[in-house]
Amino acid sequence: MRRHLAATALLLALAPAPALALTAEELAVDVGGFLDELNPQLAPAQLRYEPLRIEPAGEAFRVTIPALAIVGIEELRDLAIGEVSFLVAEPTPGNYDFSEVAVPERLEFRGPGGEAQGSVTFDLQRLSGSLSSDLGELTRLDFALAAFDVRVPAEGVVMWLGQAEARLDTLPDGAGFHHQQQDYRLADLLISDEEGTLEIAGMTLLASMEGLDLESYRTLLAIMADIETAGAKGDASKLAALRQTMGELAAQDPVATDLAQSFTLTGLTGHGEQGQRLGSLERLGFAVTATAERGNPEGAASFLVGGEGLALDPAGVPEAAPYLPVIPRSWSIPLRLEKLPMQSLSAAMVDLLFELSFDPFAAESQVELAGQSILQALGAAGSRLIVE
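Since this is a predicted model, take the numbers as computed values, not measurements.

Comments concerning helix α2 (residues 24–42)
Now for step 1: The first and last C-alpha atoms of α2 sit 27 Å apart over 19 residues, in line with the 27 Å expected at 1.5 Å per residue.
Now for step 2: Of all the positions in α2, only L27, D30, V31, G32, F34, L35, L38, N39 and L42 are classed as buried.

Describing the side chain of D78
Now for step 1: Summarising the element assignment, D78 is placed in strand β4 (residues 77–92).
Now for step 2: R48 is the oppositely charged side chain nearest to the buried, salt-bridge-free D78, at an N-O distance of 4.4 Å.
Now for step 3: A polar contact of 2.9 Å, which involves the side chain of D78, links it to the backbone nitrogen of G72.
Now for step 4: Ignoring any residue separated from it by four or fewer positions in sequence, one finds D78 in contact with R48, I70, V71, G72, E108, F109 and R110.

Observations regarding the layout of surface pockets
Now for step 1: Taken as a whole, the second largest pocket encloses approximately 1400 Å³ of empty space.
Now for step 2: In terms of lining, the second largest pocket is formed by 43 residues, of which the most central are L220, V255, L259, M342 and S346.
Now for step 3: Taken together, the elements giving at least two residues each to the lining of the second largest pocket come down to β11 (196–212), α3 (214–233), α4 (236–250), β12 (258–271), β13 (277–291), β14 (298–308), β16 (331–341) and α5 (342–358).
Now for step 4: With 7 residues, α5 is the single largest residue contributor to the lining of the second largest pocket.
Now for step 5: Considered class by class, the residues forming the lining of the second largest pocket number 29 nonpolar, 11 polar and 3 charged.

Comments concerning the confidence of the model for the protein
A low pLDDT means the predicted coordinates there should not be read in detail.
Now for step 1: With 88% of its residues at a pLDDT of 70 or more, the protein has an overall mean of 83.
Now for step 2: This model gives residues 1–20 a pLDDT under 50, and the stretch forms 62 contacts once residues within four places in sequence are excluded.

Observations regarding the nonpolar core
Now for step 1: Among the nonpolar cores identified, the biggest contains 50 residues, and L27, I70, L79, V120, F122 and F148 are the most heavily contacted of them.
Now for step 2: Membership of the second largest hydrophobic core comes to 9 residues, among which are L242, M246, L249 and V350.

Digging into the pairing of strand β9 (residues 157–172)
Now for step 1: Pairing between strand β8 (residues 137–152) and β9: 12 bridges, direction antiparallel. In the sheet register, R140 faces β9, and the bridge partner there is D169.
Now for step 2: Counted between consecutive antiparallel strands, the loop separating β8 from β9 contains 4 residues, among which G156 sits at a positive phi close to 65°.
Now for step 3: Two strands pair when backbone bridges link them, and β9 and strand β10 (residues 178–193) are joined in this way by 14 bridges, in the antiparallel orientation. When the bridges of β10 are listed, P172 appears paired with H178.
Now for step 4: Adjacent in sequence and paired antiparallel, β9 and β10 are bridged by 5 residues, among which G174 carries a positive phi angle near 85°.

Concerning a nonpolar patch on the surface
Now for step 1: Residues F263, F286, V305 and I333 make up a contiguous nonpolar surface patch of roughly 310 Å² in combined accessible area.
Now for step 2: Relative to the helices and strands, I333 resides in strand β16.

Concerning unusual backbone geometry
Now for step 1: The backbone phi angle of E100 is positive, close to 50°, even though this residue is not glycine.
Now for step 2: Phi at A147 takes a positive value of approximately 55°, unusual for a residue other than glycine.
Now for step 3: Residue position: A147 is located in strand β8.

Describing the environment of D142
Now for step 1: Here D142 shows up in strand β8.
Now for step 2: Along the sequence, D142 and G129 sit 13 residues apart, while their C-alpha atoms lie 6.0 Å from each other.
Now for step 3: When neighbours within four sequence positions are excluded, D142 is seen to be in contact with R126, L127, S128, A166 and R167.

Digging into the pairing of strand β6 (residues 106–110)
Now for step 1: Only one face of β6 is covered, namely the one carrying L107 and F109; the face carrying R106, E108 and R110 has none of its residues buried.
Now for step 2: Pairing geometry for β4 and β6, over 3 bridges, is antiparallel. The partner of A80 across the bridge, within β6, is E108.
Now for step 3: As paired elements, β6 and strand β7 (residues 116–132) share 5 bridges and run antiparallel to each other.

Quick notes on the packing of aromatic side chains
Now for step 1: A complete count under the given rule lists 1 aromatic pair for this structure.
Now for step 2: Seen from the ring of F109, R77 lies directly overhead, with NZ or CZ sitting 6.0 Å from the centre.
Now for step 3: The ring of F177 carries the charged tip of R294 above its face, separated from the ring centre by 3.9 Å.

What counts, and at which threshold
- For every chain, the first residue of the written sequence is number 1, and numbering continues from 1 onward in sequence order.
- This being a predicted model, a pLDDT of at least 70 is required before a residue's local features are given, and a value of 80 or more before pairs of side-chain atoms are given or counted; all residues contribute to the totals for chains, interfaces and linings.
- With hydrogens and water stripped out, all remaining heavy atoms of the structure feed into the side-chain values.
- The numbering of helices and of strands both runs from the N terminus, where a helix is a DSSP run of H or I of at least 4 residues and a strand a run of E of at least 2.
- Given a helix with a known number of residues, its expected span is that number minus one, times 1.5 Å.
- Throughout, exposure labels follow a simple rule: accessible area from a 1.4 Å probe, protein chains only, divided by the maximum for the residue type, with under 20% read as buried, over 50% as exposed, and the rest as partly exposed.
- Charge convention: Lys and Arg are scored as positive, Asp and Glu as negative, and His as well as the terminal groups of each chain are ignored.
- Here a salt bridge means any side-chain nitrogen of Lys or Arg lying within 4 Å of a carboxyl oxygen belonging to Asp or Glu.
- Identification of polar contacts relies on pairs of N or O atoms within 3.5 Å, with a donor-acceptor requirement for protein atoms, meaning one able to donate a hydrogen and the other able to accept it, and with residues adjacent in sequence counted only if both atoms are side-chain atoms.
- Contact between two residues is taken to exist if any of their heavy atoms lie within 4.5 Å; hydrogens are not considered.
- Think of a 1 Å grid over just the protein atoms. A cavity is a set of points where a 1.4 Å probe fits yet cannot get out, a pocket is an open set with protein on both sides within 12 Å along at least five of seven lines, and lining residues have an atom within 4 Å of a point.
- Grid points are joined across faces, edges and corners, and a volume is the space filled by probe spheres set on the points.
- Residue polarity follows a fixed list, in which Ala, Val, Leu, Ile, Met, Phe, Trp, Tyr, Cys and Pro are nonpolar, Asp, Glu, Lys and Arg are charged, and the others, Gly among them, are polar.
- The predictor reports its confidence for every residue as pLDDT, a score running from 0 up to 100.
- What is meant by a nonpolar core is a set of buried Ala, Val, Leu, Ile, Met, Phe, Trp, Tyr and Cys residues, joined one to another through side-chain atoms within 4.5 Å.
- Two strands are said to pair when DSSP picks up at least two bridges between them.
- For patches, a residue must show more than 30% relative accessible area and have no salt bridge; joins then use 9 Å for like charges and 5 Å for nonpolar side chains, namely Val, Leu, Ile, Met, Phe, Trp and Tyr.
- Throughout, the Shrake-Rupley method with a 1.4 Å probe supplies accessible areas, and for residues the shown protein chains are the sole cover considered.
- Only rings of Phe, Tyr and Trp enter the pairing, Trp through its six-membered ring, and a pair is recorded when the two centres are within 6.5 Å. The plane angle decides the type: under 30 degrees is stacked, over 60 is edge-to-face, the rest tilted.
- Consider the ring centre and the ring normal. A charge sits over the ring if Lys NZ or Arg CZ is within 6 Å of that centre and within 35 degrees of that normal.

Below, the structure written as structure tokens:
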């Protein structure tokens, strides 16, 4: 169920794929095509809606999707969304802005007979962004939502999110490339079902890319989407062709020269199915940076994994009680890798990716083979692992 809720949120956040000229007729085709492309991602569920309405609104168009619903979610359950609308404008050729998104703030789960089975309520505070036809992805996003509440009484499912915010910006760097900043934050998250309850006070994901080659990035995203589709269909010939294309891309200069990403959770508390306290963790974090200069076969990367304030409750987790004196409450593991053979590593990761696409159930053996290839490449390049 949560996977389909995430897909629904994605649907509401994205604008349609733009046409070369922004006319009502072509825009209607684009919106319909965009909605159709979402169906494979929702399978076995499907989108259902009534005929679209495209109306002029000054220099933009108001797009309305009536009676939108996701049907066939888990045992014939449907999610009735209702009427969704937004403005679409083309400020510059190939760049499309969407704004003034209107979404019903109460969605309902319904059974095969139309009976109510649960609800999703929220307060959409702001949602706007831009989409590039060259990239085929969002280049700007400004989103805020509060009081997100999911309830499915028959399954004992409750999910509450106090606040969610997202910002994304992609801008030219003046040297023929782009830099991208991403900032995603959640606050006051609670997930509860028959197995227990998890509370998280805060969640933050920060990411940046410098020296971003938009054309290579667009190609990479398209290949990854095709891999997922071909893998799901078991299309070996398609996967083989994609493997060659991906290998050619990996042999070129890097998509971006500097990458940084960090993920942090704060204020974690867990309770078991009987309500017993399992434990808590004040902070858990992971950060990675990578550098790969164009024209330089070697790169570098650093990693940091850390946590603070781990406290397990011996009454809630009795099997852990004998080990509590030696379990660290806080830890920090900083690592740095130097002299990385970027193309050899990329080739090894491509091999792993496609072997898993061909046979996901052979994951353990393929991971072992990929690990051996990576170690061989690191040894041949004289790479160094430094614990800082």
